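# Report on the structure
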Amino acid sequence: MKKPVSFYPGPSRIYSKVPKFIKTAYENGILSMNHRSPGFSELLQDNDRVLKEKLNIPKDYKIFYVSSATECWEIIAQSITAKTGSYHIFNGAFGERWFNYSRSITENATALEFNDQDQLNVTNISPGESTICITQNETSNGSQIKPETLKKIRSVFSKNLIAVDATSSMAGLFLDFNNADLWFASVQKCFGLPSGLALLICSPKAIKRCMEITERDHYNSLIFIEENMKKWQTTHTPNILGIYLLNQVMHSRKNIEKVDKQLTIRSLAWTKFLDASEVMEFYIKNPAIRSETVITLKANQNFIKRIKENALEEGFILGNGYGELAKSTIRIANFPAIKKSEIKSLREFLTLWM
Ligand SMILES: *Cc1c(COP(=O)(O)O)cnc(C)c1O
């Protein structure tokens, strides 16, 4: 049997060029490179340029490399919000986990939970001085907070810091980085890369706050990360292979506006296709708040079990539901690394299950 195509929303399909890049990294000695060497610093500088160019990240934002989105939850709590507080807005399992991580680090964490079928109502938000924490694309239920809403939150709460978990949308959707101060994502979702690396992207305002707080109690205190990156270095030996693969993949990619446009077209085609189903329905009823990158479908449990098993026999991995939705939903990634021909084959399979 051929290797199945993974439509799991993370880890997901990785770019077909990745094996070639791994080979080059080995052959060019990149994997044995010292992380304090000029060669590695150059790689970080080049990454900074290519990420800013391809993802439209403002020039004065800082890009840091960490191990996971989960680590970002902890870094933000330790180095920023432990003193000043965090205000978590969520409607699903990932946003709730972030809130729980923050709470275990500081008592200074509060939450606004909203119904996953509802549009987030900005007038309900009352963060005080706390950092507003938002999960832009809730991978567990397939909902998203739209760019217009983020923009509105930014303008209403212009004094607050805003942190955004964009793990399953960064490098897939166009994000206006000016609308928040701390953005993060791990690379096993829309970046189409192997897991074990995440980006934490900070505005000048976030860096300033970090400098005022000067929390230095952890190996991954943000201030250490920032001090090292000023010299194009990292606090510890990082995932050099991951950073190199990120560099190569970003060089081979189009600008995010083009990627976003293509994903939106694909998302609309998925919607049209799935709306015709009599047995599966979108878990998120309102198309205006539905994720474009993670499709979450509801059906009866027996059907869910059978379709996943059958899909695997036919060479497709469908994503399990997440958390409370584990047995009642399936998830299908709409990530950029998935090929048009693979989507076509999956649809042919699904046609028999409509
Ligand atoms: C996948 C995911 C995470 C967790 O990512 P890790 O890299 O495993 O820490 C966090 N938040 C969201 C929204 C995710 O989709």
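Each remark here, short or long, concerns the structure printed above.
This structure is a prediction, so every number in the text was calculated from the model and none was measured.

Overall, the coordinates contain 0 disulfides when judged by the stated rule. Left unpaired, C72 is separated from the closest cysteine sulfur, that of C202, by 8.6 Å. The cysteine C202 is free of any disulfide, with C210 supplying the nearest cysteine sulfur at 7.6 Å. Accessibility expressed as a relative area gives 0% for C202, which makes it buried.

The subject of this paragraph is the site of the ligand. Within the structure, the ligand sits among 14 residues, and T70, T139, D165, S186 and K189 are positioned closest to it. One of the side-chain nitrogen or oxygen atoms of D165 is found 2.7 Å away from a nitrogen atom of the ligand. With respect to the ligand, the side chain of Q188 contributes an N or O atom lying 3.1 Å from an oxygen atom. Broken down by element, the shell around the ligand gets its largest block of residues, 3 residues, from helix 3 (residues 69–84). Classifying every residue of the shell around the ligand gives 3 nonpolar, 9 polar and 2 charged.

For the rest of this paragraph, the subject is the environment of L197. Assignment of secondary structure puts L197 in the loop between strand 9 (182–186) and strand 10 (198–202). Residue classification places L197 among the buried residues on the basis of a relative accessible area of 2%. What L197 contacts, discounting residues up to four positions off in sequence, is Y65, V66, S67, S186, V187, Q188, N239, G242, I243 and L246.

As summarised here, the arrangement of the 7 strands in space is 2-10-9-8-5-3-4, forming an open sheet in which the pairing is mixed. Taken across any chain shown, the strands that pair with only one partner, and hence form the sheet edges, are strand 2 (62–66) and strand 4 (109–113). Each strand of the sheet is rotated relative to its neighbour by a mean of 20°, with strand direction disregarded. Sheet topology places strand 3 (residues 86–90) next to strand 4; 5 bridges connect them, and they run parallel.

Right, let's get into the sheet that holds strand 11 (residues 281–282). Hydrogen bonds between backbone groups are what pair the strands of a sheet, and the pairing can be parallel or antiparallel. Judged by pairing direction, the sheet is antiparallel, and its 4 strands sit side by side in the order 11-12-15-14 without closing on themselves. Edge positions in the sheet fall to strand 11 and strand 14 (319–320), since each of these pairs with one other strand and no more. Of the strand pairs in this sheet, strand 14 and strand 15 (residues 329–333) are connected by 2 bridges, and their pairing is antiparallel. Bridged to N320 within strand 15 is I330.

Let us now look at the packing of helix 9 (residues 256–275) against helix 11 (residues 340–351). It is the contact of helix 9 with helix 11, at a shortest axis distance of 12 Å, that shows an interaxial angle of 10°. The angle between the axes of helix 9 and helix 11 places the two elements in the roughly parallel class. Between helix 9, through R266, A269, W270 and F273, and helix 11, the contact on the second element is made entirely by K340, I343, L346, R347, L350 and T351. Looking at the contact of helix 9 with helix 11, its residues break down into 6 nonpolar, 1 polar and 3 charged.

Structurally, G319 is set in strand 14. With 12 residues separating them in the primary sequence, G319 and R331 have C-alpha atoms 4.5 Å apart. Filtering out sequence-adjacent residues up to four positions away, G319 remains in contact with F7, Y8, P9, K308, I330 and R331.

Analysis parameters
- Residues numbered from 1 in each chain as written.
- Predicted model: local features only at pLDDT ≥ 70, side-chain atom pairs only at ≥ 80, totals over all residues.
- Heavy atoms only, no water.
- Disulfide = S-S within 2.5 Å.
- Buried < 20%, exposed > 50% of the residue type's maximum accessible area, 1.4 Å probe, protein only.
- Near = heavy atom within 4 Å.
- Polar contact = N/O pair within 3.5 Å; in protein donor to acceptor, adjacent residues only side chain to side chain.
- Helix = DSSP H or I, 4+ residues; strand = E, 2+ residues; numbered from the N terminus.
- Nonpolar A, V, L, I, M, F, W, Y, C, P; charged D, E, K, R; others polar.
- Contact = heavy atoms within 4.5 Å.
- Pairing = 2+ DSSP bridges.
- Axes fitted to C-alpha atoms, helices over the stretch in contact; angles between N-to-C directions.
- Parallel < 35°, antiparallel > 145°, perpendicular 65-115°, else oblique.

Scope: geometric values only; no functional claims are made or implied.
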